[in-house]
Amino acid sequence: MAKKTDVTVEEKLRALYDLQLIDSRVDEIRNVRGELPLEVEDLEDEVAGLNTRLEKMDADLEVIDQGINTKKVLIEDARALIKKYIEQQKNVRNNREFNALSKEIEFQELEIELAEKQIKEFRAQIDQKKEVIEQTKERLAERQKHLDHKKGELDEILAETEKEERALIDKSKEFEEQIEDRLVNAYKRIRSSVKNGLAVVPVERGASGGSFFTIPPQVIMEIAGRRKIITDEHSGRILVDEELAQEERQKMNELFQSF
């Protein structure tokens, strides 16, 4: 859509204030959501992290079980060798062969002893990991429940406001198309630099909206004349007269109710 080039200053002021009212309504909707989207995102990350931790610990348990099975096979092999060496001792021809077999038997007994110790350590690790797994599952269940609750809250708010927010954003773009780029850029610059996002404000009780600084009567008359764009020297906000503001608020309220 082409920018209008033959609009009056008053029309520009009305369009700017309408744009402000629309964007402020979008701000209100997003403030209702508040920190919920970030809370949900953090909870999702935490739940994913806990699930990853559980998967890793389950994999660790499998490795430990494999280690136990390996040691059990080693013990069975060692016992078979001991039995074999004992039988061979019955047929030795001299003490040298007998002592050599005795050393082999002693070595296999030490292997069995070491393997049994390692199995005991493995089982202690399993008990410890199972305890941590149980604690992690409890934590996961609690976090998942909290996440489901927060997502429910967010979904409920989104269901109530998403349609209106999309319509308002589209309407905001329409109003931007009606205003020259220079003013739109100034509006956005001011809006991003002030805490409450108000770039266009009415004069109220002799001061700009939300300000305690009095505006000189001559300037107030110029603002009411709507012949040029006037900004507040203290805040840099664009100023409109109260009558114009009231008229545009009423018009925008009717628009908002239609969404």
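On a predicted model such as this, the values are computed, not experimentally measured, just so you know.

**Q** Which parts of the structure should I look at to understand the sheet that holds strand E1 (residues 200-204)?
**A** What links the strands of a sheet is backbone hydrogen bonding, and the strands pair in either a parallel or an antiparallel sense. Read from one edge to the other, the open sheet built from four strands follows the order E2-E1-E4-E3, with strand pairing classed as mixed. Since the sheet does not close on itself, it has two edges, and those belong to strand E2 (207-208) and strand E3 (230-231), each with one partner. Direction of pairing for E1 relative to E2: antiparallel, over a ladder of two bridges. Its bridge partner being in E2, Val203 is matched across the sheet by Ser208.

**Q** Would you take a moment to explain the environment of Phe107 for this structure?
**A** Residue position: Phe107 is located in helix H3 (residues 95-177). Taking the relative accessible area as the measure of exposure, Phe107 reaches 44% and is therefore partly exposed. Residues Phe107 and Ala78 lie 29 residues apart in sequence; the distance between their C-alpha atoms is 9.0 Å.

**Q** Teacher, can you tell me more about unusual backbone geometry here?
**A** Trans peptide bonds make up most of the peptide bonds, and negative phi angles are found at most residues other than glycine. In this structure, Arg205 is a non-glycine residue whose phi angle is positive, near 55°. The residue Arg205 is located in the loop between E1 and E2 in this model.

**Q** Sorry, what's going on with the UniProt feature "coiled-coil region" (unreviewed entry) in the chain here?
**A** Following the UniProt record, one finds the feature "coiled-coil region" (unreviewed entry) at residues 40-178. In this annotation, residues 40-178 is assigned 96% helix and 0% strand; the end-to-end C-alpha distance for the span is 38 Å.

**Q** Where do I start with the environment of Gln246 in this structure?
**A** Inspection of the secondary structure puts Gln246 in helix H6 (residues 242-258). Its relative accessible area of 51% is what places Gln246 among the exposed residues. The sequence separation of Gln246 and Leu101 amounts to 145 residues, and the corresponding C-alpha distance is 107 Å.

**Q** I'm lost on a negative patch on the surface in this one. Help?
**A** A cluster of acidic side chains, namely Glu55, Asp58, Glu62 and Asp65, defines a negative patch on the protein surface. Tracing the backbone through its elements, the reader meets Glu62 in helix H2 (residues 36-89).

**Q** I keep staring at the pattern of salt bridges and nothing clicks. Help me out?
**A** Here the idea is simple: oppositely charged side chains can pair when their charged atoms come close. Per the stated rule, a full pass over the model turns up 32 salt bridges. Lys56 is the partner of Asp60 in a salt bridge, and the nearest nitrogen-oxygen pair spans 3.4 Å. In this pair, Asp60 and Lys56 both sit in helix H2, four residues apart, roughly one turn of the helix. A salt bridge links Glu87 to Lys90; the shortest N-O distance between them is 3.2 Å. The class of Glu87 is partly exposed, set by a relative accessible area of 40%. A single network of salt bridges, built from pairs that share partners, joins Glu10, Arg14, Asp18, Arg226, Asp241, Glu247, Glu248 and Lys251.

**Q** Where do I start with the packing of helix H1 (residues 9-33) against H3 in this structure?
**A** Between H1 and H3, whose axes approach to 9 Å, the crossing angle comes to 160°. Accordingly, the angle class assigned to the pair H1 and H3 is roughly antiparallel. Note on packing geometry: the crossing formed by H1 with H3 is left-handed. Of H3, the residues touching H1 (which contributes Ala15, Asp18, Leu19, Ile22, Asp23, Arg25, Val26, Ile29, Arg30, Val32 and Arg33) are Leu154, Ile157, Leu158, Thr161, Glu164, Glu165, Leu168, Ile169, Lys171, Ser172, Phe175 and Glu176. Here the contact of H1 with H3 is built from residues that sort into 12 nonpolar, two polar and nine charged.

Rules used throughout
- Every chain's residues receive numbers from 1 upward, in the order its sequence appears when written.
- Residues qualify for local features only when their pLDDT is at least 70, as the model is predicted, and side-chain atom pairs are given and counted only at 80 or more; totals for whole chains, interfaces and linings, by contrast, use all residues.
- With hydrogens and water set aside, each side-chain value is computed from the structure's full complement of heavy atoms.
- Strand pairing is assigned whenever DSSP detects at least two bridges linking the two strands.
- Every helix listed is a DSSP run of H or I at least four residues long, and every strand listed is a run of E at least two residues long, numbered separately from the N terminus.
- Buried, partly exposed and exposed residues are distinguished by accessible area as a fraction of the type maximum, computed with a 1.4 Å probe on protein chains only: under 20%, between the cut-offs, and over 50%, respectively.
- UniProt positions are given in the numbering used here, feature names are shortened, and annotations may be inferred rather than shown by experiment.
- Like charges within 9 Å and nonpolar side chains (Val, Leu, Ile, Met, Phe, Trp, Tyr) within 5 Å are joined into patches, using only residues over 30% in relative accessible area that form no salt bridge.
- Residue burial considers only the protein chains on display, and all accessible areas are found by Shrake-Rupley using a 1.4 Å probe.
- In what follows, salt bridge is the name for a side-chain nitrogen of Lys or Arg lying within 4 Å of a carboxyl oxygen of Asp or Glu.
- Charged residues are defined narrowly, with Lys and Arg counted positive, Asp and Glu counted negative, and His plus the chain ends left uncounted.
- For this purpose, a charge sits on NZ of Lys, CZ of Arg, CG of Asp or CD of Glu.
- Fitting a line to C-alpha atoms yields each axis, with helices limited to the stretch in contact; the angle taken between N-to-C directions then spans 0 to 180 degrees.
- Oblique is the label for every angle not falling under 35 degrees (roughly parallel), over 145 degrees (roughly antiparallel), or within 65 to 115 degrees (roughly perpendicular).
- Crossing handedness: left-handed means the near helix sits turned counterclockwise from the far one by under a right angle, and right-handed means the same turn made clockwise.
- Whether two residues touch is decided by their heavy atoms; if any such pair falls within 4.5 Å, the residues are in contact.
- Under this grouping Gly is polar, as are all residues other than the nonpolar Ala, Val, Leu, Ile, Met, Phe, Trp, Tyr, Cys and Pro and the charged Asp, Glu, Lys and Arg.

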